[in-house]
Amino acid sequence: MQKQTTPNTSSDIAYNVAAVAFLILTVAFGALFIKDSMETNARLADTWEVLEERKAAREALNNQ
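Predicted model, so just to flag it, every value in this text is computed and none were measured. (Residues numbered from 1 in each chain as written. Predicted model: local features only at pLDDT ≥ 70, side-chain atom pairs only at ≥ 80, totals over all residues. Heavy atoms only, no water.)

Visitor: What exactly am I supposed to notice about the overall build of the chain here?
Guide: For the chain, the count of helices and strands is one helix and zero strands. Taken over C-alpha atoms, the radius of gyration comes to 28 Å for the chain, far larger than the 11 Å a tight globule of 64 residues would show. Counting only C-alpha atoms, the chain reaches 95 × 25 × 10 Å along its principal axes. Relative to its 64 residues, the chain shows a buried fraction of 0%. For the chain, the exposed area adds up to about 6,400 Å²; of that, 64% sits on carbon and sulfur atoms. The distance from the centre of the 6 positive side-chain charges to the centre of the 8 negative ones in the chain is 3 Å. (Helix = DSSP H or I, 4+ residues; strand = E, 2+ residues; numbered from the N terminus. Rg over C-alpha atoms; globule rule 2.2 N^0.38 Å. Buried < 20%, exposed > 50% of the residue type's maximum accessible area, 1.4 Å probe, protein only. Areas by Shrake-Rupley, 256 points an atom, 1.4 Å probe, with all protein chains shown as cover. Lys, Arg positive; Asp, Glu negative; His and termini not counted. Charge placed at Lys NZ, Arg CZ, Asp CG, Glu CD.)

And the structure:
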C-alpha cells in the first residue's frame, strides 16, 4: 500500500523558512545576551575589587 503525501505549498515553505529564521535569531540574541552578561559581571568584579582596596586603605588610615 502506497502512502499518500501532499506536495509542499509555497506557504508551507515560507512557514518553515520563518521558523528556521526565528530559531537562528533566538540563538544569536541569546549568545549576545550571555556575552553582555559575562562582560557586565567582569566589570562588577573589577569594581568590587577596587572598592575592597579602598575600604582596606581607609581602614588603615583610620587606624593610624
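Now that the structure has been shown, the text picks up again.
Visitor: Got a minute to help me understand the pattern of salt bridges in this structure?
Guide: Two side chains that carry opposite charge are able to pair once their charged atoms sit near each other. Summed over all chains, the structure comprises one salt bridge. The residue Glu-39 makes a salt bridge to Lys-35 at a minimum N-O spacing of 3.0 Å. One end of the pair, Glu-39, and the other, Lys-35, are both in helix H1 (residues 10–62), four residues apart, so they sit about a helical turn from each other. (Salt bridge = Lys/Arg side-chain N within 4 Å of Asp/Glu carboxyl O.)

Visitor: Quick question: what am I supposed to make of the environment of Thr-6 here?
Guide: One can find Thr-6 in the segment before H1. Given a relative accessible area of 69%, Thr-6 falls into the exposed group. In this structure, the C-alpha to C-alpha distance between Thr-6 and Trp-48, residues 42 residues apart in sequence, is 63 Å.

Visitor: Would you mind showing me how to read a nonpolar patch on the surface here?
Guide: Taken together, the side chains of Leu-25, Phe-29 and Leu-32 present a nonpolar region at the surface, about 340 Å² in accessible area. Within the fold, Leu-32 resides in helix H1. What makes Leu-32 exposed here is its relative accessible area of 52%. (Patch = residues over 30% accessible without salt bridge, like charges linked within 9 Å, V, L, I, M, F, W, Y side chains within 5 Å.)

Visitor: Before we go on, may I ask you to explain the environment of Ala-14 in this structure?
Guide: With respect to the element layout, Ala-14 can be found in helix H1. Separated by 39 residues in the primary sequence, Ala-14 and Glu-53 place their C-alpha atoms 58 Å from one another.

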